[in-house]
Amino acid sequence: MQLKVPEHQVAGHIAKDGKPGPLVDDKGRFFKPLQGDSRGENEVKFYESFSTNTEVPDHIRRFFPVYHGTQAVEGSDGAAMIVLENLLADYSKPSVMDVKMGSRTWYPDASEEYVQKCLKKDTGTTTVSAGFRISGFEVYDHKESSFWKPERKLLRGLKVDGARLTLRKFVSSNSLSDMGSKPDSAFVSSVYGGSNGVLTQLLELKTWFENQTLYHFNSCSILMVYENESILKGNDDDARPQVKLVDFAHVLDGNGVIDHNFLGGLCSFINFLRDILQSPDESAES
Ligand SMILES: O=P(O)(O)O[C@@H]1[C@@H](OP(=O)(O)O)[C@H](OP(=O)(O)O)[C@H](O)[C@H](OP(=O)(O)O)[C@H]1OP(=O)(O)O
Ligand SMILES: Nc1ncnc2c1ncn2[C@@H]1O[C@H](COP(=O)(O)OP(=O)(O)O)[C@@H](O)[C@H]1O
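All residue numbers refer to position in the chain's written sequence, counted from 1. Chain A is the first chain written and ligand 1 is the first ligand written, with later ones labelled in order. Local features in this predicted model are restricted to residues of pLDDT 70 or higher, and side-chain atom pairs are both shown and tallied only at a pLDDT of 80 or more, whereas totals for entire chains, interfaces and linings draw on every residue. Only hydrogens and water are set aside; all other atoms, that is, all heavy atoms of the structure, feed into the side-chain values.

The name an unreviewed UniProt entry gives the protein chain is Inositol polyphosphate multikinase, with Camelina sativa as the organism. UniProt positions are given in the numbering used here, feature names are shortened, and annotations may be inferred rather than shown by experiment. Word for word, the UniProt comment on the protein chain under Sequence similarities (unreviewed entry) is "Belongs to the inositol phosphokinase (IPK) family." The Function (unreviewed entry) field of the UniProt record for the protein chain holds the comment "Inositol phosphate kinase with a broad substrate specificity."

The structure is reproduced here in structure tokens:
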């Protein structure tokens, strides 16, 4: 089995200090290392539960990566990996964004030290003020014919207006490396709009979150993807926008209670995208 480092990972852990990072194969699978503490175990527990839970409607399953169990991976010193569907396998020039949902990323019963660490990031980013934060993104820059990914530090410093501007840039065709440039929002209707667009998908997810009490998706992200190749060929209608949920390391049982943290963040995120769709030409301040 030939495994390689994913080309378009936008957030999360990477191979560092002897610890393995995610890998992909050529059969459409994404291998995520089980994190050493209870996070890895907890994420496996979630996938095992979710994939067999008959209370999860079929139309909601499409928002989650397909789970293929766990596997010890030879190329990575035998490290145990969670084997998932590679969400980018069918995209040749994907633009990808990871948005961490909720107005808090800590969870009940976390250690005081962990809560403080999360709180610092939550108050310093748009997590508290907007109910979500952009953890990472990569866009295909049409002017430069290459991918562009901002530094993590730059994203950590975004305030609400900066997040709004970044959400416009994500669907723009003009050069992105110049953070001061005004985005043209060229692909806003083909990516965020339309009957298969991001907004429609998020609204479907929201309907489920308004009722589901099975899980609490602490510190979970929405991964947005669309294809640029089609746009390059002048076929905006084939952008194939996709919304998926990733990172279930801190999911807890819902115990019959609505996941207000995720739902609130989702509603806010929807409002941001709706505003952009309604006034795509408006210049936002960073
Ligand atoms: O270590 P950091 O500060 O990079 O934080 C990680 C987060 O990076 P961020 O700074 O929010 O972009 C990271 O966030 P992303 O996946 O990058 O959105 C995770 O939250 C990670 O925790 P876990 O793997 O979900 O348990 C976080 O790891 P822990 O701090 O929980 O170990
Ligand atoms: N199933 C997947 N297919 C493709 N890319 C993925 C998949 N899961 C995660 N990723 C990529 O890896 C990044 C980090 O994933 P995540 O599960 O949040 O890891 P961590 O627990 O290290 O934070 C995501 O932002 C995305 O770019």
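Asker: Hey, could you run me through the site of ligand 2 in this one?
Answerer: Around ligand 2 sit 15 residues, and of these His13, Lys32, Glu85, Leu87 and Asp98 come closest. Residue alanine 11 places a main-chain N or O atom 3.5 Å away from an oxygen atom belonging to ligand 2. Residues adjacent in sequence count toward polar contacts only when both atoms are side-chain atoms; beyond that, a polar contact is any pair of N or O atoms within 3.5 Å, and within protein one must be able to donate a hydrogen and the other to accept it. Within the side chain of aspartate 247, one N or O atom sits 3.1 Å away from an oxygen atom of ligand 2. Here ligand 2, which alone exposes 550 Å², has 93% of that area covered by the protein. Throughout, the ten residues Ala, Val, Leu, Ile, Met, Phe, Trp, Tyr, Cys and Pro are labelled nonpolar, Asp, Glu, Lys and Arg are labelled charged, and all others, Gly among them, are labelled polar. Of the residues contributing to the shell around ligand 2, the split by class is six nonpolar, five polar and four charged. We call a residue near a molecule or strand as soon as one heavy atom of that residue lies within 4 Å of the molecule or strand. In these tables, accessible area is a Shrake-Rupley quantity obtained with a 1.4 Å probe, and a residue counts as shielded only by the protein chains included in the view.

Asker: Any chance you could explain the site of ligand 1 here in plain terms?
Answerer: The environment of ligand 1 is made up of 15 residues, and the closest members are Arg39, Lys117, Lys121, Arg156 and His250. Within the contact set of ligand 1, an oxygen atom lies 3.0 Å away from a side-chain nitrogen or oxygen of arginine 152. Out of a free accessible area of 600 Å², ligand 1 has 83% covered by protein chains. Think of it this way: any DSSP run of H or I at least four residues long counts as a helix, any run of E at least two long counts as a strand, and we number them from the N terminus. For the shell around ligand 1, the secondary structure elements donating two or more residues are helix 3 (112-124), strand 6 (132-141) and helix 5 (152-156).

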